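Letter by letter, the chains look like this.
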Amino acid sequence: MIGLLLWLSIVFYGASLAGSIVDAASRSQRVWTVSVYALVTAFSLLTTVLILRMMETGHAPMAKRYETLLFFAWSVALLNAILLFRYRFRTTELLTTPVIVLALLLAAFSDPGVYPLPLILETWWFEVHVITSFFAYALFTFAAAAGAVYLFKEKNGDAAELKLFQEITYRSTLWGFTFFSVSMLLGAIWAYLAWGLYWLWEPKSAVSLLLWFYFAGVLHTRIVKEWRGRRASVMAVGGFGLVLFAYLGVGIFLTNSHQL
Amino acid sequence: MRNVWRFFNSARLTVILTMLIAVDVLIGSLLISFFPETLGDIDLEVFFYWLFGKGLDNLGLSWWIFLLLFLMGLLALNTVACTIESSAALFRTRQRTTASRRRRLLSQAVHLGFVIGLVGHLISSASGFRAPDNRLFEGASLPFPQDPEWSIRLNEMDVVFSDRGRMEKMDAYLSLIKGNEVIRDKVVRLNEPLLHRGNAVYLVHHGKAPRGVRLEASGSDVSETLVLEFRDEDGTNFQGYRIVPARFVPDFAMDNAGKVYSASDTFSNPALKLEIYKGETPVKTGWVFLNFPDWMSLSLDGYELVFSGLDYASYAVLTVNKDPGAVIVLSGALIFMIALIGMLFSKGEAAELVNSGKAVSSKA
Ligand code: HEM
């Protein structure tokens, strides 16, 4: 059942993406409307998948790669929905929806087995720590998408539009940085309660520290003239690579004591 | 002097330093991952003890930590300089609106929080202690390493496994003791340590192991089981005698010179040397063997002492840490977070992801 809904959600996100591409080219109102319906359907399906998974496992959906992929996709999808309904803003969907689709495809081919949680994860610190970090990842993804649009339009976009994307990169980085700082603080308090150390030198923590300083740097590009605009956008795009490394790369390539 | 100030009071330096730190930590995370035999035990000791001991001996793998310290130092000076400059500017100019003033103040608080956190971390890295792997049997006590007047006693372990063998509960019932007085009782479990005067006691795991031996003492009129702990110097009384465990070996063996040693750490051939006293006068000494109860027993005044079994007890493995910097780090982090969130909420439209809630269509 969950598998079927997941595939349906992927199909609808695919349709929504195709709609945004056609919309970007044709600017037809009808295509726009259809792709919005596809997005809403896809998001509802994905949300249902997450709820069913929680009912199945009895804990928040963030314990194994399969679950975190779903949750990462859902976080980006939630942000897309907010952008659509609060701001009627869709330009970056062309870049963020493929991220959702890829994460869902990876999830669809991952092991969906239900395993009991290790005792140390049975605490709400775990849930809030992970939720905030995935919201941060979603915001950094959005910042990267806006940065990429800036770089794409740099040659022939008008100044107002470039300024808009520069602002978006800055603001979503600021929100992402805030969520990420909260996540690191919660993680530090949890580590102190669990192991007696608020900081551990293991790869996942080290890469989080790297991300934190990197995005602190991105924020400060706004106050240095020659780092604004182009360089800041390149950094935001590069930041997405670091996010992928922090989330997936560490688990795949490095040994680490983190569960995710 | 002016040049030094100008060097540090620069946001360009901030961007460059944060990028350098990111690259340095990236290299560090790879090294930690690929050289765990050298870098895997950093957290077992107070950070600087490790860094200036094993770290210095392995500079090829730890250079990035020294570089990180240097870059962090520069960033701290950079942040202090910027915060001073921006505070001074705030007092010099009066015409700014209250909203922008508030934002400025909050951003200074963000920076202050960061610097306080760094100072706290410096204190953490140089003081306190980490004492892992303390095995404590039920009923036994452990004094705090730097505070021996205070101790903790393990009263009981409560461990529950599910049918499938998954551990569902691991609770240690501890008492905090000052001198001989119990000050507080606390159940310690994963994610719930006992915190007291900066000492933090963690339950890491548990187990069951032999804590002593059982002796079957029998004669024509009595038959009694005596339980002796391995290191019980006072021994136990039996029919006017005092029976003291003098030496225990888990796997009895003897070398050519007749010297007793343990052939392994396993309990393959447990043997116990007993010393028996009447008052203070030694009357008898000899070995008893678990594997050969009849053949190797000790007789005493018509009674027979037989080594009949090992006395198993539950134990907890506890870590005791003290980190005087942690509370300063936490305070800095809280100031940082509260000011940062305050800033987001006082930014008005500038905190909206795209623009204010008003429509900005992608078709615009
Ligand atoms: C790692 C150290 C630092 C961290 C974590 C940090 C963090 C932050 C954060 C979270 C903000 C608010 C975000 C925003 O509105 O853009 C901010 C703003 C700012 N930071 Fe930093 N900062 C650091 C070091 C510095 C340094 C060294 C300078 C000196 C140039 C500096 C100058 C500023 C300025 C001028 C602002 C903008 C204030 C405003 O908008 O009114 N920061 N910083």
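Scroll up for the structure.
This write-up is about the structure you can find in this document. Here the structure is a predicted model, which means the values were calculated and not measured.

Another aspect to go through is the overall build of chain B. The secondary structure content of chain B amounts to seven helices and 16 strands. By the compact-globule yardstick of 21 Å for 364 residues, chain B is too spread out, its C-alpha radius of gyration being 32 Å. Dimensions of chain B along its principal axes, counting C-alpha atoms only, are 105 × 50 × 45 Å. In chain B, which comprises 364 residues, the proportion classed as buried is 45%. Within chain B, residue pairs in contact and separated by at least 24 positions form 53% of the contacts whose partners lie at least 6 positions apart. Carbon and sulfur atoms form 57% of the exposed surface of chain B, whose accessible area is close to 18900 Å². Charged side chains of chain B number 36 positive and 38 negative; the gap between the two group centres comes to 19 Å.

What follows deals with the site of the ligand. Contacts to the ligand come from 24 residues, most closely from Y170(A), H220(A), N78(B), C82(B) and H111(B). Chains contributing residues to the immediate surroundings of the ligand are chains A and B. Within the side chain of H111(B), one N or O atom sits 2.7 Å away from a nitrogen atom of the ligand. If you tally residues by element for the shell around the ligand, the top one is helix α6 (residues 98-126) of chain B, at five residues.

Quick look at the coordination of the iron atom of the ligand now. Listed as protein donors to the iron atom of the ligand are H220(A) (NE2) and H111(B) (NE2); their distances from the metal cover 1.9 Å. Here the iron atom of the ligand binds six donor atoms, and the angle range of 85 to 179° at the metal identifies the geometry as octahedral. Highlighted residues: H220(A) in helix α7 (residues 203-220) and H111(B) in helix α6, drawn from two different chains. A relative accessible area of 24% places H111(B) in the partly exposed class.

Glancing now at the sheet that holds strand β4 (residues 167-178) of chain B. All names here are of chain B. With antiparallel pairing, four strands are arranged side by side in an open sheet as β2-β3-β4-β5. Lying at the two open borders of the sheet, with one neighbouring strand each, are β2 (141-144) and β5 (181-188). Pairwise comparison of adjacent strand axes, ignoring direction, gives a mean angle of 25° for this sheet. Pairing of strand β3 (residues 147-161) with β4 involves eleven bridges; the strand directions are antiparallel. Across the sheet, residue M157 finds its bridge partner in β4, namely A172.

Glancing now at the interface of chain B and chain A. The partner chain A presents 69 residues to the 67 residues of chain B that form the contact. Buried area between chain B and chain A, both sides added, is near 5700 Å², and the carbon and sulfur share of it is 68%. Summed over the shared surface of chain B and chain A, the result is three salt bridges. The salt bridge partner of E352(B) is R86(A), with a shortest N-O separation of 2.6 Å. Inspection of the chain B/chain A interface yields 15 residue pairs in polar contact (both at pLDDT 80 or more). Counting only elements with at least two residues in the side of chain B that touches chain A, the list comes to α2 (11-34), α5 (59-92), α6, β4, β7 (199-218) and α7 (326-346) of chain B. The element contributing the most residues to the side of chain B that touches chain A is α2(B), with 16 residues.

Now for the nonpolar core. Counting 161 residues, the largest nonpolar core has Y13(A), L70(A), F89(A), L104(A), Y137(A), W201(A) and V354(B) as its most contacted members. A per-element tally of this core places helix α6 (residues 159-195) of chain A first, with 15 residues. Mapped onto the domain boundaries, this core takes at least three residues apiece from domain 1 (2-128 + 326-363) and domain 2 (130-209 + 316-322) of chain B. Setting aside its immediate chain neighbours within four residues, L70(A) contacts L6(A), L46(A), V49(A), L50(A), L104(A) and A107(A).

Next up on the list: the packing of α6(B) against α7(B). All names here are of chain B. Where α6 contacts α7, the two axes come as close as 7 Å, and the packing angle between them is 160°. On the basis of the axis angle, α6 is roughly antiparallel to α7. Crossing angle aside, the handedness with which α6 passes α7 is left-handed. Tallied by class, residues from the contact of α6 with α7 come to 15 nonpolar, nine polar and two charged.

Glancing now at helix α4 (residues 93-108) of chain A. End to end, α4(A) covers 21 Å across 16 residues, agreeing with the expected 22 Å (1.5 Å per residue, within 8%). Residues of α4(A) that are buried include every one of E93(A), T96(A), T97(A), V99(A), I100(A), V101(A), A103(A), L104(A) and A107(A), and no others.

All names here are of chain B. Here D133, not a glycine, exhibits a phi torsion of approximately 60°, which is positive. Of note, D133 is situated in strand β1 (residues 129-137). With a phi close to 70°, N191 is a non-glycine residue in the positive phi region. Note that N191 resides in the loop between β5 and β6 (194-196). N191 sits in the buried class, given a relative accessible area of 9%.

This next bit is on the packing of α2(B) against α5(B). Residue and element names in this part refer to chain B. Remark: α2 packs on α5, axes separated minimally by 9 Å, with the N-to-C direction vectors making an angle of 160°. Here α2 is positioned roughly antiparallel relative to α5, judged by the angle of their axes. The chirality of how α2 crosses α5 is left-handed. Residues L13, T14, L17, L20, I21, D24, V25, I27, G28, L31 and I32 of α2 touch α5, and the partners they reach there are L61, W63, W64, L67, L68, L71, M72, L74, L75 and N78. Within the contact of α2 with α5, the residues separate by chemical class into 17 nonpolar, three polar and one charged.

This part is about the side chain of T169(A). When you line up the elements, T169(A) lands in helix α6. Exposure remark for T169(A): the relative accessible area of 5% places this residue in the buried category.

It is worth spelling out the layout of surface pockets at this point. Looking at the second largest pocket, its volume works out to about 970 Å³. Taken together, 35 residues line the second largest pocket, and the ones lying closest to its centre are H220(A), I223(A), S107(B), H111(B) and M343(B). Counting residues per element, the ones that place at least two in the lining of the second largest pocket are α6 and α7 of chain A together with α2, α5, α6 and α7 of chain B. Classifying every residue of the lining of the second largest pocket by side-chain character gives 17 nonpolar, twelve polar and six charged.

A separate point is the pairing of strand β16 (residues 303-322) of chain B. All names here are of chain B. In terms of residue burial, β16 counts as a mostly covered element, since 16 of its 20 residues are buried. Bridge count between β1 and β16: seven bridges; the pairing is antiparallel. Across the sheet, residue A131 finds its bridge partner in β16, namely V320. Across 18 bridges, β7 lies against β16 in antiparallel orientation. Residue pairing for β16: V201 is matched across the bridge by V320. Of the strand pairs in this sheet, strand β15 (residues 298-300) and β16 are connected by three bridges, and their pairing is antiparallel. The residue of β16 that forms the bridge with L300 is Y303. Taken together, β15 and the strand that follows it, β16, pair antiparallel across an intervening segment of two residues, in which D301 is found at a positive phi of about 55°.

What counts as what
Residues numbered from 1 in each chain as written. Chains lettered and ligands numbered in written order. Predicted model: local features only at pLDDT ≥ 70, side-chain atom pairs only at ≥ 80, totals over all residues. Heavy atoms only, no water. Helix = DSSP H or I, 4+ residues; strand = E, 2+ residues; numbered from the N terminus. Rg over C-alpha atoms; globule rule 2.2 N^0.38 Å. Buried < 20%, exposed > 50% of the residue type's maximum accessible area, 1.4 Å probe, protein only. Contact = heavy atoms within 4.5 Å. Areas by Shrake-Rupley, 256 points an atom, 1.4 Å probe, with all protein chains shown as cover. Lys, Arg positive; Asp, Glu negative; His and termini not counted. Charge placed at Lys NZ, Arg CZ, Asp CG, Glu CD. Near = heavy atom within 4 Å. Polar contact = N/O pair within 3.5 Å; in protein donor to acceptor, adjacent residues only side chain to side chain. Donors = N, O, S within 2.8 Å, 3.2 Å for Na, K, Ca; no water. Tetrahedral: all angles 85-135°; square planar, octahedral: opposite > 155°, others 65-115°. Pairing = 2+ DSSP bridges. Axes fitted to C-alpha atoms, helices over the stretch in contact; angles between N-to-C directions. Buried area = accessible area lost by both parts, 1.4 Å probe. Salt bridge = Lys/Arg side-chain N within 4 Å of Asp/Glu carboxyl O. Core = buried A, V, L, I, M, F, W, Y, C linked by side-chain atoms within 4.5 Å. Domains from an automatic or database assignment. Parallel < 35°, antiparallel > 145°, perpendicular 65-115°, else oblique. Left-handed = near helix turned anticlockwise from the far one by under 90°. Nonpolar A, V, L, I, M, F, W, Y, C, P; charged D, E, K, R; others polar. Expected span 1.5 Å × (residues − 1). 1 Å grid on protein atoms, 1.4 Å probe; cavity = no way out; pocket = protein on both sides within 12 Å on 5 of 7 lines; lining within 4 Å. Points joined across faces, edges and corners; volume = space filled by probe spheres on them.

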